[in-house]
Amino acid sequence: MKTLLIDMDSVICDLMSEWHRRYNEDYEDDLSVEDLQCWNSEKYVKKECGKKIYDYLDEEGLFLNLEPLPNAIEVLERLSHKHDILIVTSSRTYAYTEKEKWVRKHLPFIGAHNLVFTHRKEMVRGDVLFDDAPHNLIAFSETGRKAVAMDYPYNQNVDVDRVDGWLAFEKWVEQFEMGEES
């Protein structure tokens, strides 16, 4: 049984749509995840916003009401029958409580007791990390373990396996298991 470390934001749940919706509404812009060619979102917003783009991540209610990404819940439930799953995520202000409530609501089969808050995901014991953040993917890979990227424009420069969604990740896990057995 493998231990799968799974990120929340933009991997399990759709952070970017709600984050960008709030920014676009306030600044009359049309920012989308497809515009982000690197991790630093402040490079893609209007000048008058700049680093204030990150203030949205501190707004109460943001994380509590995010939508799951397509097939995330179903695939996680199937994977949980064969693997230990830890949700590894970093947080700011309100996000700790809201993320725990989100996991209790949407992922009761994993449970909040399998939720790890950390900015150093490479320090968490696990066989595979499924994440979107370039710095997490790189740091985890450097430990000699497998990192898999949820494919986004902002993580294209990271040399790891990548998938375009949850069904593809499920297939990747199956292939990874087969490779381990040979």
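Above this text sits the structure in question.
Being a predicted model, the structure only gives us computed values, none of them experimental.

1. A few points about the overall build of the chain
Step number 1: Secondary structure assignment for the chain yields five helices and six strands.
Step number 2: For the chain, the sequential pattern of α-helices and β-strands runs β-α-α-β-α-β-β-α-β-β-α.
Step number 3: In terms of overall dimensions, the chain is globule-like: its C-alpha atoms have a radius of gyration of 16 Å, near the 16 Å expected for 182 residues.
Step number 4: When the backbone C-alpha atoms are referred to their principal axes, the chain occupies close to 55 × 35 × 25 Å.
Step number 5: Burial status across the chain gives 51% buried among its 182 residues.
Step number 6: Of the roughly 9500 Å² of accessible surface on the chain, a fraction of 47% belongs to carbon and sulfur atoms.

2. Some points on the sheet that holds strand E3 (residues 115–117)
Step number 1: Strand order in the open sheet formed by six strands is E3-E2-E1-E4-E5-E6, and the pairing between neighbours is parallel. Here the strands that pair on one side only, and so sit at the sheet edges, are E3 and strand E6 (161–163). Averaged over all adjacent pairs, the angle separating strand axes in this sheet is 25 degrees, with direction ignored.
Step number 2: Contacts from helix H3 (residues 95–106) reach strand E2 (84–89) and E3, with the element oriented near 165 degrees to E3.

3. Topic: the pattern of salt bridges
Step number 1: Tallying each qualifying case throughout the model produces 13 salt bridges.
Step number 2: Across the pair lysine 99 and aspartate 9 runs a salt bridge, and its minimum N-O distance is 2.7 Å. You can see lysine 99 sitting in helix H3 and its partner aspartate 9 sitting in the loop between strand E1 (3–6) and helix H1 (15–27), a full 90 residues away along the chain. Per residue, the accessibility class of lysine 99 equals that of aspartate 9, and both read buried.
Step number 3: Counted as one network, the salt bridges with shared partners bring together Glu18, Arg21, Arg22, Glu25 and Glu59.

4. Things to note about the side chain of aspartate 132
Step number 1: Inspection of the secondary structure puts aspartate 132 in the loop between strand E4 (128–131) and helix H4 (134–141).
Step number 2: Of the buried charged residues, aspartate 132 lacks a salt bridge, with lysine 121 as the closest side chain of opposite charge at 6.0 Å.
Step number 3: At 2.5 Å, the side chain of aspartate 132 forms a polar contact with the side chain of tyrosine 154.
Step number 4: Once residues within four sequence positions are removed from consideration, aspartate 132 is found in contact with Asp7, Asp9, Ser10, Val11, Trp39, Leu137, Met150, Tyr152, Tyr154 and Asn155.

5. What about the environment of tryptophan 102?
Step number 1: Along the polypeptide, tryptophan 102 turns up in helix H3.
Step number 2: Its relative accessible area of 1% is what places tryptophan 102 among the buried residues.
Step number 3: For the pair formed by tryptophan 102 and leucine 69, sequence separation is 33 residues and the distance between their alpha carbons is 13 Å.
Step number 4: If near-sequence neighbours (up to four positions away) are discounted, tryptophan 102 is found in contact with Met8, Ile12, Cys13, Phe63, Leu64, Leu66, Glu67, Pro68, Ile73 and Leu107.

The rules behind each value
- Residues numbered from 1 in each chain as written.
- Predicted model: local features only at pLDDT ≥ 70, side-chain atom pairs only at ≥ 80, totals over all residues.
- Heavy atoms only, no water.
- Helix = DSSP H or I, 4+ residues; strand = E, 2+ residues; numbered from the N terminus.
- Rg over C-alpha atoms; globule rule 2.2 N^0.38 Å.
- Buried < 20%, exposed > 50% of the residue type's maximum accessible area, 1.4 Å probe, protein only.
- Areas by Shrake-Rupley, 256 points an atom, 1.4 Å probe, with all protein chains shown as cover.
- Pairing = 2+ DSSP bridges.
- Axes fitted to C-alpha atoms, helices over the stretch in contact; angles between N-to-C directions.
- Contact = heavy atoms within 4.5 Å.
- Salt bridge = Lys/Arg side-chain N within 4 Å of Asp/Glu carboxyl O.
- Lys, Arg positive; Asp, Glu negative; His and termini not counted.
- Polar contact = N/O pair within 3.5 Å; in protein donor to acceptor, adjacent residues only side chain to side chain.

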